[in-house]
Amino acid sequence: GFYETADARAALAWVRAQPGLHSIPIGLLGESLGGSIALITAAECPEVRAVIVDCAFATGERALEDACERWAHLPGRPGARLCRAVGRLVTGHDPGALDAVAASRALHDRPVFFIHAQRDDRLSEAHPRALWQAAGGKDPLWDIPGVGHNQGWLRHRALYEARARAFFDRHLLGRGAGLPAGEL
């Protein structure tokens with residue numbers, strides 16, 4: 001995950017460098033770690049006008065704790081500490097250091113559509129709620145029933161795409177009603 005932030009910045013720089021794309025509004029969509037990276041990238045780049053995040057985690061530390069408990073069935077805190085130590089040893093980077101909550105606070109003036117899977121086996125509902133509240137609680141929050149981690153689009157494709165399109169149409173193109181704030 002450490003390199004994904006730099007990758008996202010590089011992709012955004014590439015888009016900005018393309019002839020004819022300078023006036024096109026930019027939105028980001030990311031799932032899981034990609035959702036957290038989308039929030040961080042948007043917070044750093046004011047030209048990103050809207051963001052959709054699906055099953056994003058609030059902090060790397062809490063994501064490791066949840067993954068240990070929910071997915072690996074290990075005690076969260078000691079398991080996460082061990083994962084962080086191994087991660088630092090193997091990669092030289094702390095996998096628990098990523099903080100998407102701080103990035104969400106920086107997006108209080110931009111629209112973010114938060115999506116979470118009710119049956120997520122990796123992340124608790126505390127993640128999207130913390131991100132949503134940090135961004136000001138002004139945005140839509142969709143907690144999709146009956147689906148696991150990153151399964152919303154797979155199981156409810158038409159509704160997922162309609163909501164994503166309505167959100168981006170409103171906030172990137174100025175068309176349509178968008179989505180209502182709060183829980184969908």
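Everything below is about the structure printed above this text.
Throughout this description, residue numbers start from 1 for each chain and increase along the sequence as written. With pLDDT at 70 or above as the cut-off, local features in this predicted model cover only qualifying residues; side-chain atom pairs require 80 or more to be listed or tallied, and sums for whole chains, interfaces and linings still use all residues. Water and hydrogen atoms were dropped before computing side-chain values, which therefore reflect all heavy atoms in the structure.

K.L.:
What's the story with the nonpolar core in this structure? I'm lost.
P.N.:
Nonpolar side chains tend toward joint burial in soluble globular proteins. With 29 residues, the main nonpolar core has L39, V48, V51, V53, F114 and L131 as its most contacted residues. A run of H or I in DSSP becomes a helix once it reaches four residues, and a run of E becomes a strand once it reaches two; helices and strands are each numbered from the N terminus. Those elements giving two or more residues to this core turn out to be β1 (26–31), α2 (33–44), β2 (48–54), α5 (100–105), β3 (112–117) and α6 (126–134). Looking at this core element by element, the count peaks at five residues for α2. Working rule for contacts: check all heavy atoms of both residues, and any pair within 4.5 Å makes them a contact. Excluding its chain neighbours within four sequence positions, the residues that come into contact with L39 are V51, V53, A100, A103, S104, L107, V112, F114 and L131. Listed in part, the 15 residues of the second largest apolar core include A117, F167, F168 and L172. As used here, the term nonpolar core means buried Ala, Val, Leu, Ile, Met, Phe, Trp, Tyr and Cys residues forming a set that is joined through side-chain atoms within 4.5 Å. The cut-offs for exposure are 20% and 50% of the maximum accessible area for each residue type, with area from a 1.4 Å probe on protein chains only; residues under the lower value are buried, those over the upper are exposed, and the others partly exposed.

K.L.:
Just to check I follow, could you spell out the pairing of strand β4 (residues 140–144) for this structure?
P.N.:
Every other side chain in a regular strand lies on the same face of the sheet, so the side chains alternate between the two faces. The element β4 is largely enclosed, with a buried count of five among its five residues. Burial along β4 is two-sided: the face carrying P140, W142 and I144 and the face carrying L141 and D143 are both buried. By this definition, two strands are paired if DSSP reports at least two bridges between them. In the sheet, β3 pairs with β4 via four bridges, with the strands oriented parallel. Considered in β4, the bridge of I115 is made with W142. Here the term right-handed applies to a crossover when the path leading from its first strand over the helix to its second strand runs clockwise, the strands being oriented away from the viewer. The handedness of the β3 to β4 crossover, carried by α6, is right-handed. The pairing of β4 with strand β5 (residues 182–183) spans two bridges and is parallel. Each residue of the ladder has a partner; that of L141, found in β5, is E183.

K.L.:
For this particular structure, what's the right way to read the pattern of salt bridges?
P.N.:
Where charged atoms of side chains with opposite charge meet at close range, the side chains can pair. The salt bridge definition used is simple: a Lys or Arg side-chain nitrogen within 4 Å of an Asp or Glu carboxyl oxygen. Across all of its chains, the model carries 14 salt bridges by this definition. Salt-bridge contacts for E47 lead to R16; the nearest nitrogen and oxygen are separated by 2.1 Å. Residue E47 is located in the loop between α2 and β2, and its partner R16 is located in helix α1 (residues 2–17); the two are separated by 31 residues in the primary sequence. With a relative accessible area of 36%, R16 lands in the partly exposed category. For E65, the salt bridge is made with R77, and the minimal N-O distance between the two is 3.9 Å. With a gap of twelve residues between them, E65 in helix α3 (residues 60–71) and R77 in helix α4 (residues 76–91) connect regions that are remote in the sequence. On the basis of relative accessibility, which here comes to 7%, the residue E65 falls in the buried class. A single network of salt bridges, built from pairs that share partners, joins E61, R84, R88 and D94.

These figures capture arrangement, not role.
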